[in-house]
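# Coordinates in review
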Amino acid sequence: MKDTTPASAPPECDHLLMIAPLLLLGIGLVMVFSSSGVLAVDRYQDPTFFLKKQLLYAVLGTGLMLFIRRIPYQLYNRLAYLILFISLFLLIIVLIPGVGVRIRSASRWLRLGPLVIQPSEFAKLAIIIFLAYSMARKQEKIRYFSIGFLPHIIIAGIFIVLIEKEPDFGTAMALAGITFLMLFVGGTRLTHIFLAVIAASPLVVYVILKNKMRLERMTTFIDPWKNPQEAGYQLVHSLQALGSGGFWGLGIGKSREKLFYLPDSHTDFIFSILAEEIGFLGVLIVICLFLIILMRGIAASLKAQDNFGAYLAIGLTALIGLQAAINMAVVSGILPTKGLSLPFLSYGGSSLIVNMVAIGILLNISSQGRGTKEALTRSPKGTIIPARGVQAGK
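Residues numbered from 1 in each chain as written. Predicted model: local features only at pLDDT ≥ 70, side-chain atom pairs only at ≥ 80, totals over all residues. Heavy atoms only, no water.

### Some words on the overall build of the chain
- Scanning the chain from N- to C-terminus turns up 13 helices and five strands.
- Per-residue burial for the chain yields a buried fraction of 51% across its 394 residues.
- Put simply, the chain shows about 18500 Å² of open surface, and 68% of that area lies on carbon and sulfur atoms.
- Computing the positive centroid from 35 side-chain charges and the negative centroid from 20, the chain places the two 9 Å apart. (Helix = DSSP H or I, 4+ residues; strand = E, 2+ residues; numbered from the N terminus. Buried < 20%, exposed > 50% of the residue type's maximum accessible area, 1.4 Å probe, protein only. Areas by Shrake-Rupley, 256 points an atom, 1.4 Å probe, with all protein chains shown as cover. Lys, Arg positive; Asp, Glu negative; His and termini not counted. Charge placed at Lys NZ, Arg CZ, Asp CG, Glu CD.)

Encoded structure:
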């Protein structure tokens, strides 16, 4: 039968992959308003101050997602170096005194007219695109240390060091995790990754030891009640919020911890307020939505037309999934406290836009997929490559 589908027909959409982040975004807007209203009145005499800004970014992010899902992801293959250099430039200038916006002794933001952007958020996207591009080109030699491992670690390492200089330890570690995960999926030898982790460990320890606040967080997260009024204060109140919600929660707007007890309740610790107000049921819904994104992102990678699409999808899925897992682990006391937002829910424009852009790219990769039978398999040498073979050079 002759195909009568118009040439201008929109690409097939993975509706689950689109709906899940939009639902999280809606939940996030409700929780941003609930968790920030009291703070907004105290600072700006407007209970909707943070909500209005987040709503603006939500509309912008949704528009970008819908637009980007129609752009062939192969375009980023050609723009990989340009995106990387622009991101590197932004990371450098944000450290220049008087240029970067400094908040709480950290210089992480740039002011562009009425907007304030966080270059480290866009850096994660840039590194993912670069790694996917480079790994696809070097697929046949990915297991060689000097070709498939060292150049990628050097480039990612430069970005990680610059982000740590802001300082932003949480984002730096998240970027390192994404890098190692992509290299592993790409087929890099585990010995290379293991040795790199061992070599970097002393530097990580030094970075923690030289910062008194980080050291206190490391030593108190196991038992924050030993110092509940100082180093353990934030985690103690986070755990109290998590525990007081029960199954059904106290109700939207009825959190007690947001009344100037839990710092960063509308940003890094919004998950605690969500658990307090919506309860275990709300927590379960949020986790399930993130799992849907994770599963559909992996499915997009398995169905991708080429190696670049497969690695790009894995990196973007890790960008969202890894950060969500770390944030939830932090607020529940499984990991030491660090500044890392919860994708789609936490207040913050740069993070929200980057995550919505990531979803848009994933939707495009999925729409061009060849079907679920095209899966990642392991070659005789142990390198993880798409079953259709190496097509990076085409």
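### A word on the environment of Ile252
- By the secondary structure assignment, Ile252 is in the loop between α10 (233–244) and α11 (270–303).
- Sequence separation of Ile252 and Ser35 is 217 residues, and the distance between their C-alpha atoms is 9.4 Å.
- Residues in contact with Ile252, not counting those within four places in the same chain, are Val30, Met31, Ser34, Glu277 and Ile278. (Contact = heavy atoms within 4.5 Å.)

### Quick word on the pairing of strand β2 (residues 106–112)
- Relative to β2, strand β1 (residues 100–103) runs antiparallel, the two sharing four bridges. Across the sheet, Ile103 pairs through a bridge with Ala106, a residue of β2.
- The hairpin turn running from β1 into β2, its antiparallel successor, is two residues long, and Arg104 in that turn takes a positive phi close to 55°.
- Here three bridges tie β2 to strand β3 (residues 115–117), and the two strands are oriented antiparallel to one another. Within β3, the residue paired with Leu110 across the bridge is Ile117.
- Linkage of β2 to β3, two consecutive antiparallel strands, is achieved through a turn of two residues, within which Gly113 is found at a positive phi near 65°. (Pairing = 2+ DSSP bridges.)

### Describing the side chain of His192
- Within the fold, His192 resides in helix α8 (residues 190–209).
- Owing to a relative accessible area of 12%, His192 belongs among the buried residues under this scheme.
- Setting aside residues up to four positions removed in sequence, His192 forms contacts with Arg143, Tyr144, Phe145 and Phe149.

### A closer look at the packing of aromatic side chains
- Evaluation of the coordinates by the stated rule reveals twelve aromatic pairs.
- Judged by centre distance (5.6 Å) and plane angle (35°), the rings of Phe145 and Phe149 are tilted. In this pair, Phe145 and Phe149 both sit in helix α6 (residues 145–164), four residues apart, roughly one turn of the helix.
- For Phe145, a relative accessible area of 40% puts it in the partly exposed group.
- Of the residues examined, Phe149 reaches a relative accessible area of 3% and is grouped as buried. (Phe/Tyr/Trp six-rings, centres within 6.5 Å; stacked < 30°, edge-to-face > 60°.)

### Some thoughts on the environment of Ala325
- Locating Ala325 in the fold gives a position in helix α12 (residues 307–331).
- The exposure class assigned to Ala325 is partly exposed, which follows from its relative accessible area of 45%.

### Section: the pattern of salt bridges
- Taken as a whole and judged by the stated rule, the model has four salt bridges.
- Across the salt bridge formed by Arg296 and Asp14, the nearest N and O atoms sit 2.8 Å from each other. With Arg296 in helix α11 and Asp14 in the segment before α1 (15–44), this residue pair connects regions lying 282 residues apart in the sequence.
- By relative accessible area, Asp14 is classed as buried at 9%.
- A salt bridge links Lys124 to Glu121, with the nearest nitrogen and oxygen atoms 3.1 Å apart. Of this pair, Lys124 and Glu121 both sit in helix α5 (residues 119–137), three residues apart, roughly one helical turn.
- Here Lys124 falls in the buried class, since its relative accessible area comes to 1%.
- Classification of Glu121 by relative accessible area gives buried; the value is 6%. (Salt bridge = Lys/Arg side-chain N within 4 Å of Asp/Glu carboxyl O.)

### Focus on helix α2 (residues 49–68)
- Spanning 20 residues, α2 covers 29 Å between terminal C-alpha atoms, matching the ideal 28 Å at 1.5 Å per step.
- For α2, the complete set of buried residues consists of Phe50, Gln54, Tyr57, Ala58, Gly61, Thr62, Met65 and Ile68. The arc that holds every buried residue of α2, seen down its axis, measures 140°, which confines them to one face. Exposed residues on α2 whose side chains face more than 90 degrees from its buried face are Leu56, Val59 and Phe67. (Expected span 1.5 Å × (residues − 1). Arc of directions from axis to C-beta.)

### Points about the confidence of the model for the chain
- This prediction gives the chain a mean pLDDT of 88; 91% of its residues lie at or above 70.
- Counting contacts from residues 1–10, a segment whose pLDDT is below 50, to residues more than four positions away or on other chains yields one contact.
- This model gives residues 372–394 a pLDDT under 50, and the stretch forms 56 contacts once residues within four places in sequence are excluded. (pLDDT = per-residue confidence, 0-100.)

### Notes on the side chain of Thr179
- Along the chain, Thr179 falls in helix α7 (residues 169–186).
- In terms of polar contacts, Thr179 uses its side chain to reach the backbone carbonyl oxygen of Leu175, at 2.9 Å.
- In this view, Thr179 contacts Ile127, Leu131, Ile153 and Ala156; residues no more than four positions away in its chain are not counted. (Polar contact = N/O pair within 3.5 Å; in protein donor to acceptor, adjacent residues only side chain to side chain.)

### With respect to the nonpolar core
- If you look at the biggest cluster of nonpolar residues, it comprises 94 residues, and the most contacted ones within it are Tyr76, Phe290, Leu312, Phe344, Leu345, Ile359 and Ile361.
- Looking at this core, the element that brings in the most residues is α12, giving 15 residues. (Core = buried A, V, L, I, M, F, W, Y, C linked by side-chain atoms within 4.5 Å.)

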